[in-house]
Every structure is written in structure tokens, then in C-alpha cells.
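Here's the letter readout for the chains.
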Amino acid sequence: MKKLRIGVAFFYHESHSFAPGKTTLKNFQEEGWFKGKEIFRAYSGTKTEVGGFLDTLDAREDIEAVPLLCAAAVPSGMVEYETYTHIESEMIASIMEAGRLDGLLLALHGAMAVEGVDDPEAVLLKKIRTLLPHVPIAGTLDMHANLSSDMTDLTPYHFGFKTYPHIDMYDQGVNAARALLGHVQEDRRWEAAFIKIPMMPPSLNMRTSEGPMHELITLAGEWEGREGILNISIFGGFPYSDVSVAGASIIAIAKTKKQAREAVKACADRFWELKEDFLVDIPKAAEGVKLAFSKSGRKPVVLADISDNPLSCGSGDTTELLRELIRMNKPGTLFGGLTDPESIEICRQKGSGNRAVLQLGGKHAPEFGSPIEAEAEILNLSDGVFYNSGPFNQNLRVDVKGAAYIRVGHVDILLIGRPMSANDPEMFRHIGIEPADYKVLGLKVKNHFRAAFDPLIEEVIYVDAPGVASNDLSIFPYRRIPEEMWPFKKIEFPITP
Ligand SMILES: [Zn+2]
């Protein structure tokens, strides 16, 4: 039996236009760079989009998964032009060398910003489309994608995450793969309608368990329950992208264009009506710390250092919240993970059980706070490798390039070798720290951590410390986003998808 051959590829970056430093090829090669069969080893069994692609393809005897290229880097500054063109040409080469392809599954983030390339995902997809003019392509996108009509014109099959924390990456991978196989094997064709909404809501209050995004996803789900509608994706956009395609958007996939348009319009109208609900005020670090210690619940209170969340492109080494916690010096305090490879190296040289004077954090983004000089007790050291317990990115191997568990006064601190959000308790447990045993947890996180931490904690206090991922978008000097954009401008929004 001749098997259908489906290509699998992944190119993932969320780029912050105002973060210091550029994202280079080394970042991709060190973080997530897999070619050919290496992709099976890295992603089979993981709850990721590619894990969803592979499981769906493997379940069919008449399908052969053809692994191409996977390139992913942790969210950070803009991608260098040469880095983008190198990965793009490797991707194109992998497709050309793959031989016959009957379909392609492509996982993208959708909020990559590249020097000199305005809508890189659309540029990439267009090049692939030129190479494979008649081959169906289906893909996944992050809820924070800046999706454009150039993308949706090239294929209708875009499946955005419907959860934040993003715990349905795998499910959307499965949905994309099923839509693709339906097209390839059963000639089931779908149409898409797309609308760009002139708004850039901050992502802090975009969780799907409550609030305005919960309402929107519920509304989309009601439409998906109707005959003829396959899928609706609501995109909040990535508000730290200074690109012409920035902003929220919605795509509906349906049997007819008319049905897709109706669904998109209904969801877009509601998104616009709810926009003010995405704006929330949060306390400064000192105020947040006082508030956290005034609580008397049985479980820990989390102080979320959102402005330096590494998965929102933070350097992971800003010091304001940690400084406040050390000033309070209360037993039962844990902070982490603070990016500080230099201090980890000093701890390694001194050895576990000894003491060291350290300059904590403040090295990569000193504009947001200087290092904290402190004498620390070195409690444990590790290579920094662990596997996420999930549900967010479950079973994915994480390498934070070394870790040190230290104590300054009464404050326990986890140092890590490179920026990584504390989204999974394994980051702490792998080195002998049980976060549930503390009273106050200062974490470098935004929202994804809640998937794993919510059962362990009493409540979350989001704090406004200085950092690139601030909730206050008015601090960023945007130049390329459309002039008509809420919340910067009060505008009317005529909806005509
Ligand atoms: Zn996201």
C-alpha cells in the first residue's frame, strides 16, 4: 500500500521588539533545534503541538510522518535577519529534500518579529506555498499570535490555542492533523473567514478560566457546536510586538464562507465590547510583598513578577521583587528562578554546604535594577535538567543550564543558568525544594504557571516591578503598529469581515 507522506515542521519564536539584545541562531540551536528523526525523539509523547501531530499521524497505518525541521527558542528580543533567513532556508531545504509530500503540518507561534521582515510567518508560509502549490497545509498558532490575512489567504487551516495557560497545545496539534487528513484522504474542504481587530489587550487578564477571555472562548465554543462550523480561534495578539500586523484577530473555519463570516463577526463584536475588562491595575513590588505577608491562608501566596516573566521575553534577572523580599527577611519565603549563571559558577566552586558572597541578578537588564550583594548559604547544586510534570508542556525536557539552591537570611532562592519561567514545580523539586512548604513564593512567571501551581497555592498577587514585560503598554515606544489601535487611541471599530 502506498502511504501518504505528511511533513512535520515547527518554527517557534515570540519576539519582544523592545527587549534588550537580539535573538540569534545560537539561541535556537541551544534551545530547540531538531532535524529529521531527532524530532521523533524530542517530541513523541510530549503534550505539545508536534506531539499531537505525531500521535495523530502514527495512529494511521496508511500515513507516514516525514520529520523536517524544528527550530524553537525561548521568547526574547527581535530575531536577527540572518538568523531568520538561515532557518527559513533550512526549512525550505528540508522540504525540497523530503521527496513527495501529500500534506504539511506546521507549528508556528505567530508572534515572531524579525529585523527587516514585517510578517515573517507569512513570508515563510508563502515560500512554502510556492514550493508546494497544491499540497494542503495545516498548522497551530499561539493564542498570542499576531495573525494576518496574508497567513489566512495561504491556507484556511489555522488552529489557535483555546486555553491560557496553554494546556491544549497537543489538542490543537491533533485538530490541525485531523483537518489536514480529512482534506487529503476524504476530500473534506473548508473555508475560512478572518478579521483583524484594532486592539492590543495586555495578556495579564487573558486567562481562560475566568474573565473576558473565558467568555469569548465560551462564545466561540457555542458557535463551534453549530452544524458546518469546524473551529474558531480567538487571538489576543502579542502586545510587545512593534509590527504592522500586531493586534487581536479571529479566524473561523466552516463549510461555507458565509458561515465562517457570521461566526467571526459575532465573536469580534463581543471581543470589542469586552476590551476594557482586559485592563487591570496591580500593586508595586513593596506593596505586593506587604499584602502577601498579611495573608493567613494555609497554602502559599504567590507574588508573580510578571514584568520579568521569561516567557514574555524577560531576562529573568531583575531584582526589585527579590530586594523587597530580602528586606522583609521572613521565614517561609522562596524566590525563583533568578537567572544568574555567574553566581551559580561561584556556588559550584565553593561547593554545597559552604557560604559565598554573591552579586545576585541585575546583570543582563541592569536598567531594571542593580545586582543585590548578599552572603548566601549554598544548600544544593544541580545540572538544571528536569522534565515538566505538567499539564503545561507536560513531559517536555527542560534544561536551565545549571541551578543552585541558596539561602540569604530567611529567604530561600533558586538560581538558574538561563531565563525560564517557573511554570512547573519540577524546576524547584528537582533540586530538593518543595514550593508547597513555603508561605510566600516570589516567582518569575505570568499565567502559565497556574496550570500546575493553582492546586498548591492560596492566591496570586501580580506585582508591577520594572521589566520588559510590564502590564503598562504606555511605556513602550511603538513605531510600526497601526495608528488606529486601542488602548492607545479611542477608536470606532466598524466590523465588516
Ligand atoms: Zn501565548
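Each value, and the rule that gives it
- Residues numbered from 1 in each chain as written.
- Predicted model: local features only at pLDDT ≥ 70, side-chain atom pairs only at ≥ 80, totals over all residues.
- Heavy atoms only, no water.
- Helix = DSSP H or I, 4+ residues; strand = E, 2+ residues; numbered from the N terminus.
- Rg over C-alpha atoms; globule rule 2.2 N^0.38 Å.
- Contact = heavy atoms within 4.5 Å.
- Areas by Shrake-Rupley, 256 points an atom, 1.4 Å probe, with all protein chains shown as cover.
- Core = buried A, V, L, I, M, F, W, Y, C linked by side-chain atoms within 4.5 Å.
- Buried < 20%, exposed > 50% of the residue type's maximum accessible area, 1.4 Å probe, protein only.
- Expected span 1.5 Å × (residues − 1).
- 1 Å grid on protein atoms, 1.4 Å probe; cavity = no way out; pocket = protein on both sides within 12 Å on 5 of 7 lines; lining within 4 Å.
- Points joined across faces, edges and corners; volume = space filled by probe spheres on them.
- Nonpolar A, V, L, I, M, F, W, Y, C, P; charged D, E, K, R; others polar.
- Domains from an automatic or database assignment.
- Donors = N, O, S within 2.8 Å, 3.2 Å for Na, K, Ca; no water.
- Buried area = accessible area lost by both parts, 1.4 Å probe.
- Salt bridge = Lys/Arg side-chain N within 4 Å of Asp/Glu carboxyl O.
- Polar contact = N/O pair within 3.5 Å; in protein donor to acceptor, adjacent residues only side chain to side chain.
- Pairing = 2+ DSSP bridges.
- Axes fitted to C-alpha atoms, helices over the stretch in contact; angles between N-to-C directions.

Considering the overall build of the chain
The secondary structure content of the chain amounts to 14 helices and 21 strands. Scaling as 2.2 N^0.38, a compact globule of 497 residues should have a C-alpha radius of gyration of about 23 Å, and the chain matches this with 23 Å. Projecting the C-alpha coordinates of the chain onto the three principal axes gives extents of approximately 65 × 50 × 40 Å. In the chain, of all internal contacts separated by at least 6 residues, the share reaching a separation of at least 24 is 76%. Put simply, the chain shows about 19000 Å² of open surface, and 49% of that area lies on carbon and sulfur atoms.

Observations regarding the nonpolar core
In summary, soluble globular proteins display a tendency toward joint burial of nonpolar side chains. Within the largest apolar cluster, 93 residues are counted, with the highest numbers of intra-cluster contacts made by I197, I232, I234, I250 and F271. For this core, the element with the most residues is helix α9 (residues 257–273), which contributes seven residues. Residues L125, L132, A145 and L154 belong to the second largest nonpolar core, which totals 39 residues.

Section: unusual backbone geometry
Glycine aside, residues mostly have negative phi, and peptide bonds are mostly found in the trans state. In this model, Y164 is joined to P165 through a cis peptide bond whose omega is 5°. Following W486, the chain continues to P487 via a peptide bond in cis, the omega torsion being 10°. Take P487: it is sitting in the segment after β21 (459–462). The phi angle at C313 is positive, at roughly 85°, despite the residue not being glycine.

Remarks on helix α5 (residues 120–131)
Between the first and last C-alpha of α5 there are 17 Å, a value that for twelve residues agrees with the 16 Å anticipated at 1.5 Å per step. In this structure, the buried residues of α5 make contact with β1 (4–12), α4 (81–97), β6 (103–108), β7 (137–141), α6 (149–154) and β8 (157–160).

Structural notes on the layout of surface pockets
Approximately 970 Å³ is the volume attributed to the largest pocket. Lining the largest pocket we find 49 residues, and of these E31, V74, N393, L396 and M420 sit closest to its centre. Elements represented by at least two residues in the lining of the largest pocket include exactly β1, α1 (25–31), β3 (32–35), α2 (38–43), β16 (385–387) and β17 (397–399). When its residues are assigned to classes, the lining of the largest pocket shows 22 nonpolar, 16 polar and eleven charged. Residue-level mapping places the lining of the largest pocket at the junction of two domains, with at least three residues from each of domain 1 (4–278) and domain 2 (285–470).

Examining the coordination of the zinc ion
In the first shell of the zinc ion, the protein supplies D142 (OD), H144 (ND1) and H166 (NE2), at 2.1 to 2.2 Å from the metal. Of note, the donors binding the zinc ion are all from one chain and are spaced D-x1-H-x21-H. Highlighted residues: D142 in the loop between β7 and α6 and H166 in the loop between β8 and α7 (169–186), separated in sequence by 24 residues. A residue is classified by how much of its surface remains accessible, and D142, at 3% relative accessible area, is buried. Of the residues examined, H166 reaches a relative accessible area of 2% and is grouped as buried.

A look at the domain arrangement of the chain
According to the domain assignment, the chain consists of domain 1 (4–278) and domain 2 (285–470). Centre-to-centre, using C-alpha coordinates, domain 1 lies 31 Å away from domain 2. Contacts between domain 1 and domain 2 engage 28 residues on the former and 25 residues on the latter. Summed over both sides, the interface between domain 1 and domain 2 buries roughly 2100 Å², with carbon and sulfur atoms accounting for 62% of that surface. Inspection of the region where domain 1 meets domain 2 yields one salt bridge. When the shortest N-O distance is used, the salt bridge between R418 and E31 registers 2.5 Å. Across the contact surface, domain 1 and domain 2 share 14 residue pairs in polar contact (both at pLDDT 80 or more).

Overview of α7
Taking 1.5 Å as the rise per residue, α7 with 18 residues should run 26 Å; its terminal C-alpha atoms sit 25 Å apart, in good agreement. Inspection of α7 places M169, Y170, Q172, G173, V174, A176, A177, A179, L180, L181, G182 and H183 among the buried residues, and these make up the whole buried set. Of the residues one or two after α7, D187 is the one with positive phi, at around 55°.

Details of the sheet that holds strand β9 (residues 191–197)
On the basis of which strands lie adjacent, the open sheet formed by three strands has the order β9-β11-β10 and antiparallel pairing. Two strands lie at the open edges of the sheet, namely β9 and β10 (229–235), each paired on one side alone. Taking each pair of neighbouring strands and ignoring which way they run, the sheet shows an average axis angle of 10°. Where β9 lies against strand β11 (residues 248–254), seven bridges are found, and the strand directions are antiparallel. Note that in β11 the partner of A193 across the bridge is A252. α9 contacts β9, β10 and β11 of the sheet and is inclined by roughly 25° relative to β9.

Some details on the sheet that holds strand β13 (residues 333–339)
Spatial ordering of the open sheet is given by β14-β15-β18-β19-β13-β20-β12-β21, a layout of eight strands whose pairing is mixed. With one partner strand each, in any of the chains shown, β14 (355–360) and β21 form the two edges of the open sheet. Averaged over all pairs of adjacent strands, the angle between their axes in this sheet comes to 30°, without regard to strand direction. Two elements, strand β15 (residues 372–382) and strand β18 (residues 403–408), share five bridges in a ladder whose sense is antiparallel. Across the sheet, N380 pairs through a bridge with Y405, a residue of β18. Contacting β13, β14, β15, β18 and β19 (411–416), helix α12 (residues 341–350) crosses the sheet at an angle of about 175° to β14.

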